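Chain by chain, the residues run as shown.
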Amino acid sequence: MTAEYQVRGDVAVITLNNPPVNGLGYATRRGITDGLANALGDAAVKAIVITGAGKAFSGGADIKEFGSPKALAEPNLLSVILALEASTKPIVAAIHTVCMGGGLELALGCHYRVAAPGTNVALPEVKLGLIPGAGGTQRLPRVLGVETALNMIVSGEPVKSEMLASLPGQKLFDKMAASAETVVAEAIEFAQGVVAKGSEMPLVRNLPCKHPQGDAYFQFAKNMVAGMAKNFPAPVKCVETVQAATKLKFDDGMAEERRVFTALMFTPESAALRHIFMAERGASKIPDVADDTPKREIKLVGVIGAGTMGGGISMNFLNAGIPVKILEMKQEALDRGVATIRKNYEAQVKKGKLKQDKYDQRMSLLSTTLSYDDFKDCDLIIEAVFEEMGVKEQVFKKLDEVAKQGAILASNTSTLDVNKIASFTKRPQDVVGMHFFSPANVMKLLEVVRGEKTAKDVLATVMAIGKKIKKTAVVSGVCDGFIGNRMIEQYSRQAGFLLDEGATPQQVDKAIEKFGFAMGPFRMGDLAGNDIGWAIRKRRAVEQPDMKYSRTADKLCELGRFGQKTGAGWYDYKPGKRDAIPSELVNKMVEDHRKELGITPRKISDEEIVQRLVFALVNEGAHILEDGIASKAGDIDMVYLTGYGFPIWRGGPMHYASQVGLYNVASTMKRFAANPLDDGAFWEPAALIQKLAAEGKGF
Ligand code: NAI
């Protein structure tokens, strides 16, 4: 049973019991209607209390039923709420801890609501590209007023119950309980009081709903929201549906809400957001590592190298209240690193984003050392030294000597072989890659690189610590570039071919930015430093001399144009400014290069640019799945959404390809393969794409 029924005196108590948050799945909904029928059929019962067991009243829809027919099976949530409203005995919701989405809509269908302080109250549907679908847009404004309700519906953010209870004239809560522990007892008492007074049964649907400024207010709200929501249709729809609540009869407003909800359900934006919601949860699950794998305790973190990455990495742990010890070769390097961390925090204090006491607390958790001996107490040690195998070898051999048994030894390497690094120690099972992205204190993505011998509990621990420091941790196998950089290399290669064939850097950047990328490949190169790719290509030239790529990027570096840091790259930059100005010199260099190769430039459409860049990611992503480097397509999407600026509303490259249809994707790839200036072999669609396309499936 996922809802329990109990009679206490003359009050029936229906307790939702569907851990972890009492999601309103089919069995729970049945539990409510069955409980209601019992209560109505029992003459000894005079009133009903509905509450939730454990750590929630209800978190809303049951995500286990997401997208399945069960989610809509009768009694659906709308029918349950109608049944509550039709009750001939008063119903009191006893609300505590979490009351969100369908949970709040359920409570709004009850006659009375008693709430515990500290409850998180929200209608978060907008975060999935939807509007509330069981009366939330019609009932919440009636109890909280249009503006408060609209803010909650448009933002989807939780608000504390005591805050809502303090609003003048609010009708959401009839009583605030003393605590979550007492809320049921107080709701029973409240129900008995209602019975004693004659069992009045007010319904939210009968309350008036208007805004004093009427349409003028809604026009203003719509303009504001449209400006912020840009590529997402749902927020504006939230405004329109709440406006409908002020104009239409209640049942007509409900019909309008249903119509809009259903239409949004079919938008690509909502599909993308729902995919991300699931992919984010999925990323923390590793197929062969059980959820309850015991984790190692991480009480002290050691970081080696206080450069660009070491400093940012350290801040993540300090922010989470975990002490960090940084090791460097020289005192000056330590001082420089600590000064940068301090400066970063001070900037946050100045902007009012960090309180002074928090700043003091974080800095007090930081210590430094020049000696490996001081690392013997560390539970997790992350190396962020120079990207050279020889240096990594020295560091890991030393760590093997000093680190305590069971300590996790991690490398932040972005290109080197983690198995080889592990082999420098006598404990390869404790070695793992933790690939942060720059700036490491800001970027959400953490690629957790699983070596051949990495122990399962090491992986489980690193995934858990990733969550603790608020990263999106995604597991990658060992290969050159791991998931993200292995794919971006193909994307960059296409960007180069496009120049050779007739495009300019600004045309390529503009086209892909219009598609939604935060930054096109050339602006990105200028920001990250074009010399990084140059170094990688030089290494490649030795390892894979046949790899075809445009030489324009090398020529740019030969001119010393490394990007913003040298004041010039693919674009020109005014001193101290980051605005990318198209460069005549670069455009001429590209033209000359074409002439050298005897290429007659052609006009390339924005559509072709986008398809070549994005499908290059998709084909390589499919190979990554085939090779077992990523265990699921959703993981690849999370890497691209959180680390590479892929547009959220498109759900990541693999989801996007599935939306386009893999048959169409494969056909387009075959067309590209016929272009003699491109890399024909690369465009052979991955076997996985061909197989799924033949089966009519997506990733
Ligand atoms: P960096 O040059 O800014 O910092 C490296 C620091 O390590 C320097 O302060 C240096 O003094 C110190 N160091 C070198 N050898 C050492 C040793 N044996 N013992 C102690 N300290 C030593 O380099 P960055 O950019 O921070 O990169 C570090 C690592 O992170 C590299 O493996 C790199 O591939 C990786 N990485 C870099 C990213 C980036 O965007 N910069 C992104 C992701 C990973």
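These figures come from a predicted structure and were not determined experimentally.

Reading the values: the criteria
- Residues numbered from 1 in each chain as written.
- Predicted model: local features only at pLDDT ≥ 70, side-chain atom pairs only at ≥ 80, totals over all residues.
- Helix = DSSP H or I, 4+ residues; strand = E, 2+ residues; numbered from the N terminus.
- Buried ≥ 20, exposed ≤ 12 C-beta atoms within 10 Å, placed from the backbone.
- Contact = placed C-beta atoms within 7 Å.
- Axes fitted to C-alpha atoms, helices over the stretch in contact; angles between N-to-C directions.
- Parallel < 35°, antiparallel > 145°, perpendicular 65-115°, else oblique.
- Left-handed = near helix turned anticlockwise from the far one by under 90°.
- Nonpolar A, V, L, I, M, F, W, Y, C, P; charged D, E, K, R; others polar.
- Core = buried A, V, L, I, M, F, W, Y, C linked by C-beta atoms within 7 Å.
- UniProt positions renumbered as here; feature names shortened; annotations may be inferred.
- Pairing = 2+ DSSP bridges.
- Near = placed C-beta within 6 Å.
- Domains from an automatic or database assignment.
- Expected span 1.5 Å × (residues − 1).

Helix and strand counts for the chain stand at 28 helices and 19 strands. Classification of the 699 residues of the chain by burial places 47% in the buried group. In the chain, 72% of the contacts between residues at least 6 apart in sequence involve partners at least 24 apart.

One can describe the packing of helix H27 (residues 662-673) onto helix H28 (residues 687-694) by two numbers: an axis separation of 8 Å at closest approach and a directional angle of 135°. Between H27 and H28, the angle is such that the two are oblique. Judged by the twist between their axes, the crossing of H27 over H28 is left-handed. Across from Leu662, Tyr663, Val665 and Ala666 in H27, the residues of H28 making contact are Ile689, Gln690, Leu692 and Ala693. Looking at side-chain class alone, the contact of H27 with H28 contains 7 nonpolar, 1 polar and no charged residues.

Residues Val49, Val92, Ile381 and Val448 are the most contacted members of the largest nonpolar core, which totals 196 residues. Sort the elements by how many residues they give to this core and helix H24 (residues 606-626) lands first, with 10 residues. Setting aside anything within four residues of it in sequence, one finds valine 49 in contact with Val11, Val13, Val92, Ala94, Val184, Ala187, Ile188 and Ala191.

Let us look at the UniProt feature "domain: 3-hydroxyacyl-CoA dehydrogenase NAD binding" (unreviewed entry) in the chain. Those places that UniProt annotates as "domain: 3-hydroxyacyl-CoA dehydrogenase NAD binding" (unreviewed entry) correspond, in this numbering, to residues 301-476. Overall, residues 301-476 shows 42% helix and 20% strand. The separation of its end C-alpha atoms is 22 Å.

Burial along strand S6 (residues 112-115) is two-sided: Tyr112 and Val114 facing one way and Arg113 and Ala115 facing the other are all buried. Sheet topology note: the strand S4 (residues 91-95)/S6 ladder contains 4 bridges and is parallel. Paired with alanine 93 across the two strands is arginine 113, which belongs to S6. The pairing of S6 with strand S9 (residues 175-176) spans 2 bridges and is classified as parallel. Its bridge partner lying in S9, alanine 115 is registered against methionine 176.

Another aspect to go through is the site of the ligand. The local shell around the ligand holds 24 residues, among which Gly305, Gly307, Met309, Glu387 and Ser438 are the closest. Mapped by element, the contributors of at least two residues to the shell around the ligand are helix H12 (308-319) and helix H15 (389-402).

That bond from glutamate 74 to proline 75 is cis: its omega, 0°, falls within 30 degrees of zero. Examined against the element boundaries, proline 75 turns out to sit in the loop between strand S3 (47-52) and helix H2 (77-85). The linkage connecting serine 438 with the following residue, proline 439, adopts the cis geometry, with an omega of -5°. Of note, proline 439 is situated in the loop between strand S15 (431-436) and strand S16 (445-449). A positive phi angle is found at lysine 230, which is not glycine, with a value near 40°. Here lysine 230 lies in the loop between helix H8 (214-229) and helix H9 (234-247).

What follows is about the UniProt feature "domain: 3-hydroxyacyl-CoA dehydrogenase C-terminal" (unreviewed entry) in the chain. When the UniProt feature table is mapped to this numbering, "domain: 3-hydroxyacyl-CoA dehydrogenase C-terminal" (unreviewed entry) covers residues 481-573 and 609-696. The span residues 481-573 is 65% helix and 2% strand, and its two end C-alpha atoms sit 30 Å from each other. Between the first and last C-alpha atoms of residues 609-696 the distance is 26 Å; the span itself is 65% helix and 0% strand.

The next thing to look at is the sheet that holds strand S11 (residues 324-327). What the 8 strands build is an open sheet, ordered S12-S11-S10-S13-S14-S15-S16-S17; its pairing is mixed. The outermost strands of the open sheet, each flanked by one partner alone, are strand S12 (366-369) and strand S17 (472-476). Looking at each pair of strands side by side, their axes are set apart by 25° on average, direction ignored. Bridge count between S16 and S17: 5 bridges; the pairing is parallel. Bridge pairing links leucine 445 to threonine 472 in S17.

Pairing in this open sheet of 6 strands is mixed, and the strands run S1-S2-S3-S4-S6-S9 from one edge to the other. Every other strand in the sheet has two partners, leaving strand S1 (3-8) and S9 as the edge strands with one partner each. Direction of pairing for strand S2 (residues 11-16) relative to S3: parallel, over a ladder of 6 bridges. By the bridge assignment for S3, valine 13 is matched with valine 49. On the sheet, helix H7 (residues 183-196) packs against S1, S2, S3, S4, S6 and S9 and is oriented at approximately 160° with respect to S3.

For helix H4 (residues 136-144), a buried count of 9 out of 9 residues is recorded, marking the element as mostly surrounded by other parts of the structure. Those residues of H4 not exposed but buried are Gly136, Thr137, Gln138, Arg139, Leu140, Pro141, Arg142, Val143 and Leu144. Looking at the buried residues of H4, the elements they touch are helix H3 (102-108), helix H5 (146-155), helix H6 (161-165), H9 and helix H10 (250-265). Downstream of H4 by one or two residues, glycine 145 has phi in the positive range, about 85°.

This part takes up the domain arrangement of the chain. Each assigned domain of the chain is listed with its residue range as follows: domain 1 (3-264), domain 2 (301-476) and domain 3 (484-694). The C-alpha-based centres of domain 1 and domain 2 are spaced at 45 Å.

Glancing now at the packing of H12 against helix H13 (residues 331-350). Their axes nearest at 9 Å, the elements H12 and H13 cross at an angle of 50°. The angle between the axes of H12 and H13 places the two elements in the oblique class. Of the two elements, H12 crosses H13, and the hand of that crossing is right-handed. Of the residues in H13, those touching H12 at Gly310, Gly311, Ser314 and Met315 are Gly337, Thr340, Ile341 and Asn344.

With that settled, the discussion passes to H13. Relative to the 28 Å expected for 20 residues at 1.5 Å per residue, H13 spans 28 Å between its end C-alpha atoms, a close match to the ideal helical length. Buried residues along H13 sit against H12, S11, helix H14 (356-364) and S12. Following H13 by one or two positions, glycine 352 has its phi on the positive side, about 80°.

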